[in-house]
Amino acid sequence: MTARPFLSSLMVSLFLLWAAPVEALPLEPKGAGFALGFRAAYGIPSGKAVGSAKMMDVIGETAAAQVEFAYFFNSQLSLGLYFQLGFGRAPASCIEALCGSNVRRYGIDLDYHFRPGAFVSPWVGVGLGFEDATVELDEEESVFGSMPYGGFDLGHAHVGVDLRLNRTMAVGPYLSASLGQYRRSGSRDFSSHSRSVHAWIQPGVRMQLHF
């Protein structure tokens with residue numbers, strides 16, 4: 001084969017590779033389908049839990065794990081359900097007692113993924129749901145009991161970056177911010193003037209598996 005036909009064949013091959021559809025890239029996730037996600041986050045509360053009681057004093061900072069199940073309408077847009085369980089230790093309440101708290105958050109998320117076929121793929125999302133908490137107080141010889149709180153996740157937004165390892169798995173950091181309000185303790189509703197709005201900031205990491 002002479003040099004000219006060889007160069008012509010090489011140019012055609014390079015053009016065909018360049019013009020190949022994005023779906024042929026090895027990192028491109030599957031289109032419509034389901035995905036399972038896992039998150040680990042550190043929760044930092046602010047605002048009031050109820051009345052003048054501060055979230056930092058009642059609930060405290062938390063270490064939380066989350067599981068989520070989402071449906072992708074295409075490779076970019078997904079709608080999912082999530083459940084998060086966080087464990088905290090309220091510092092102001094633990095001076096003379098062994099105590100702890102847990103926070104349960106569950107609801108729906110709508111996420112949009114940019115550049116789904118790239119190794120670095122940013123994403124953003126919004127959601128809402130419910131938020132429940134339980135604060136437990138114990139001393140060495142007696143148990144004071146627990147205080148339940150129930151209310152709403154009034155809305156949250158999160159932003160993150162997926163590092164796509166292959167078509168099935170992605171992992172990366174994210175940051176979430178949410179607003180919530182506790183409206184009752186057990187079966188007893190808080191009065192309207194006692195209800196306060198609180199906030200959570202949660203940095204963390206997420207792993208997502210596409211099916």
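As the structure is a computational prediction, the values presented were derived from the model and not from experiment.

Student: What's the story with the environment of Val205 in this structure? I'm lost.
Tutor: You can see Val205 is positioned in strand β10 (residues 197-210). For Val205, the residues in contact, after removing those within four places along its chain, are Phe38, Arg39, Ala40, Val171, Gly172, Pro173 and Tyr174.

Student: What am I meant to see in the pairing of strand β4 (residues 77-88) here?
Tutor: Along a regular strand, successive side chains alternate from one face of the sheet to the other. With burial as the criterion, only one face of β4 is covered, namely that bearing Ser78, Gly80, Tyr82, Gln84, Gly86 and Gly88; the residues Leu77, Leu79, Leu81, Phe83, Leu85 and Phe87 on the opposite face remain uncovered. Here strand β3 (residues 62-72) folds back onto β4, and the loop between the two strands holds 4 residues.

Student: Could you clarify how one ought to interpret the packing of aromatic side chains in this entry?
Tutor: Between two aromatic rings, the relevant description is the distance of the centres plus the angle of the planes. A full pass over the atoms with the stated rule returns 10 aromatic pairs. Ring geometry for Tyr149 versus Tyr182: centroids 5.4 Å apart, planes at 40 degrees, classification tilted. With Tyr149 in strand β7 (residues 143-164) and Tyr182 in strand β8 (residues 169-185), this residue pair connects regions lying 33 residues apart in the sequence. The buried category is assigned to Tyr149, whose relative accessible area is 11%. Clustering of aromatic rings is evident, with ring pairs tying together Phe34, Phe69, Tyr71 and Phe73. Geometry around Tyr174 places Arg39 over its ring, the cationic atom sitting 4.6 Å from the centre.

Student: Looking at this structure, how should I read the nonpolar core?
Tutor: Across soluble globular proteins, nonpolar side chains show a tendency to be buried alongside one another. Core analysis: the largest hydrophobic core is formed by 12 residues, namely Ala49, Val50, Met55, Val58, Ile59, Val103, Ala133, Val135, Tyr149, Tyr182, Phe190 and Trp200. Looking at this core, the elements with two or more residues in it are β1 (33-50), α2 (55-58) and β6 (120-138). Residues in contact with Val135, not counting those within four places in the same chain, are Val58, Ile59, Gly100, Ser101, Gly145, Ser146, Met147 and Tyr149.

Student: Just to check I follow, could you spell out the pairing of β8 for this structure?
Tutor: As defined by bridge partners, β8 adjoins β10 across 13 bridges and the pair is classed as antiparallel. Bridge pairing in β10 places Val171 opposite Met207. Following β8, the chain reverses through 2 residues before pairing antiparallel with strand β9 (residues 188-189); Gly186 in that reversal takes a positive phi of roughly 65 degrees.

Rules used in this analysis
Residues numbered from 1 in each chain as written. Predicted model: local features only at pLDDT ≥ 70, side-chain atom pairs only at ≥ 80, totals over all residues. Heavy atoms only, no water. Helix = DSSP H or I, 4+ residues; strand = E, 2+ residues; numbered from the N terminus. Contact = heavy atoms within 4.5 Å. Buried < 20%, exposed > 50% of the residue type's maximum accessible area, 1.4 Å probe, protein only. Pairing = 2+ DSSP bridges. Phe/Tyr/Trp six-rings, centres within 6.5 Å; stacked < 30°, edge-to-face > 60°. Lys NZ or Arg CZ within 6 Å of the ring centre and 35° of its normal. Core = buried A, V, L, I, M, F, W, Y, C linked by side-chain atoms within 4.5 Å.

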